[in-house]
Amino acid sequence: MRRFFPFTWITWLMLMAWATDQVRGDEEVFNTVRVKGRNYVNLSDLARYYEFDRNWTQDGLNVTLRSKLKWKKLGIKINSRDCMVNGVRIWLNDAPLESRNSVLISEVDVRKTLDPILRVWAVPKRRVRTVMIDPGHGGEDKGTDGAHNSIEKRLTLDLALRVERLLKQAGFKILMTRRADTYISLEDRSEQANSSDADIFVSLHFNSAKPNPQPHGIETFCLTPAGFSSTGSFQQRLGIGRFGEEAGNESDRHNMLLAYLVQQRLLAGLPKAEDRGIKRARFHVIKATKRPSILVEAGFLSHTAEEKRIRDPVYRNKLAAAIVDGIKKYAAVMNSPAKD
Ligand SMILES: [Zn+2]
């Protein structure tokens, strides 16, 4: 992976240089229609604003938009939250609707899910120098485990130390919520972040679907925006629940950009891993942390083949390199000069 880094880095900078010329600034550019108490944007307005081809393709409920320059691609499904942005799965907060021959997409998803990815340069600049890494669990809280003696708390610390080493080499200052097998409460973790000079917070975990042995793949969580229910939650399935603002909602757009870049690099660096997408949750560490924050679930210990891969240190090096690559890309965006 690292051998190819200079190439991808230069490509990214070239895209950024091109993209910064496209700024149009104004945030309030969409007319909205109100359906069941929520605002929606017409897909044709969205296509025009983000310079997608005017003639998108619709195959049943699947709608695909491409930009003329091909590097932007958006795939949505009517009545489903499952959405693909430039090849990365993202679970929307609200399913797009079809109404009177128009496709409607939630205004909150346009502003807080799609815009930070389709206009990365418009996400407000917040310097990134110090990264706090949070290895999940520890001490009496061992997390989940796999059939072959893999224990989540050990694997998260191992992965965190690999991430730390690579980020230090890249010149970042690193803080860790733990460096040993010690118990730290969730409140302590977010408190450590809030009282430090951490610019971003990255929590590392491994997953389990026990007793179901099937699920596998990588997913990255960021905080659910106010007013919506979390991905796959009971409330979301029933279409109920209204939730207020949390500390972490101040960083909604940053959270999404960071999650997107890390998930994208994880998929690129680990081609065997399934893309389970970017999901929304109100886990304590990403809810209470007043910094751009994500939580990475880097694979399932309850899936035999994935557990076997995760037990291999070479694979964990690849996981770490991909996470670091995503963080570096996020920092490159945030540390680049604002242009307006
Ligand atoms: Zn965990």
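Cut-offs and rules
- Per chain, residue numbering runs from 1 following the sequence as it is written.
- Reporting in this predicted model follows two pLDDT cut-offs: at least 70 for local features of residues, and 80 or more for side-chain atom pairs to be given and counted; totals over whole chains, interfaces and linings ignore these cut-offs and use all residues.
- Numbering of helices and strands starts at the N terminus; helices are DSSP runs of H or I of at least 4 residues and strands are runs of E of at least 2.
- All axes here are fitted lines through C-alpha atoms, helices being fitted over the stretch that makes contact, and every angle between N-to-C directions spans 0 to 180 degrees.
- Roughly parallel here means an angle under 35 degrees, roughly antiparallel means over 145, roughly perpendicular means 65 to 115, and every remaining angle is called oblique.
- The crossing is said to be left-handed when, going from far helix to near helix, the turn is anticlockwise and less than a right angle, and right-handed when the turn is clockwise.
- Residue pairs qualify as contacts under a 7 Å threshold applied to their C-beta atoms, which are placed from the backbone.
- Three classes are used, and their members are as follows: Ala, Val, Leu, Ile, Met, Phe, Trp, Tyr, Cys and Pro are nonpolar, Asp, Glu, Lys and Arg are charged, and the others, Gly among them, are polar.
- Known as pLDDT, the predictor's per-residue confidence is scaled from 0 to 100.
- When DSSP locates at least two bridges between a pair of strands, those strands are taken to pair.
- Marked domain ranges trace back to an automatic or database domain assignment.

### Observations concerning the environment of Ala331
Here Ala331 is to be found in helix H10 (residues 313–335). The sequence separation of Ala331 and Asn55 amounts to 276 residues, and the corresponding C-alpha distance is 35 Å.

### Things to note about the packing of helix H4 (residues 152–169) against H10
How two helices pack is summed up by the angle between their axes together with the distance between the axes. Packing of H4 against H10 brings their axes to within 9 Å, and their N-to-C directions diverge by 50°. When the interaxial angle is binned, H4 and H10 end up oblique. Considering the relative orientation of H4 and H10, their crossing is right-handed. Along its contact with H4, which presents Asp158, Leu159, Arg162, Val163, Leu166 and Leu167, the element H10 presents Arg316, Asn317, Leu319, Ala320, Ala321, Ile323, Val324 and Ile327. Grouping the constituent residues of the contact of H4 with H10 by class yields ten nonpolar, one polar and three charged.

### Focus on the confidence of the model for the protein
A residue-level look at the protein finds 90% of positions with pLDDT of 70 or above and a mean pLDDT of 90. Segment residues 1–7 is flagged for pLDDT under 50; beyond a separation of four residues in sequence, or across chains, it makes five contacts in the model. Contacts for the low-pLDDT stretch residues 17–26, under 50 throughout, to residues beyond four places or in other chains number nine contacts.

### Considerations on the sheet that holds strand S2 (residues 38–42)
The strands making up a sheet associate through backbone hydrogen bonding, with each pair oriented either parallel or antiparallel. On the basis of which strands lie adjacent, the open sheet formed by four strands has the order S1-S2-S9-S8 and antiparallel pairing. Two strands close off the open sheet at either side, each with one partner strand: strand S1 (32–35) and strand S8 (97–99). On average, adjacent strands in this sheet sit at an angle of 45° to one another, irrespective of strand direction. Sheet analysis places S1 next to S2, joined by four bridges and oriented antiparallel. Looking at S2, one finds that Thr32 is bridged to Val41. Against the sheet, helix H3 (residues 107–118) engages S1, S2 and strand S9 (102–106), with an angle of about 60° to S9.

### A word on the environment of Val35
If you trace the backbone, Val35 turns up in strand S1. With 69 residues separating them along the chain, Val35 and Leu104 place their C-alpha atoms 9.5 Å apart. Not counting residues within four places of it along the chain, the set of residues in contact with Val35 comprises Tyr40, Leu97, Ser99 and Leu104.

### What to know about the domain arrangement of the protein
Domain annotation for the protein reports domain 1 (25–118) and domain 2 (130–335). Once you take the C-alpha centre of each, domain 1 and domain 2 turn out to be 27 Å apart. In this assembly, eleven residues from domain 1 lie in contact with 16 residues from domain 2. Take the side of domain 1 that touches domain 2: its biggest share by element is five residues, from H3. Classifying every residue of the side of domain 1 that touches domain 2 by side-chain character gives six nonpolar, two polar and three charged.

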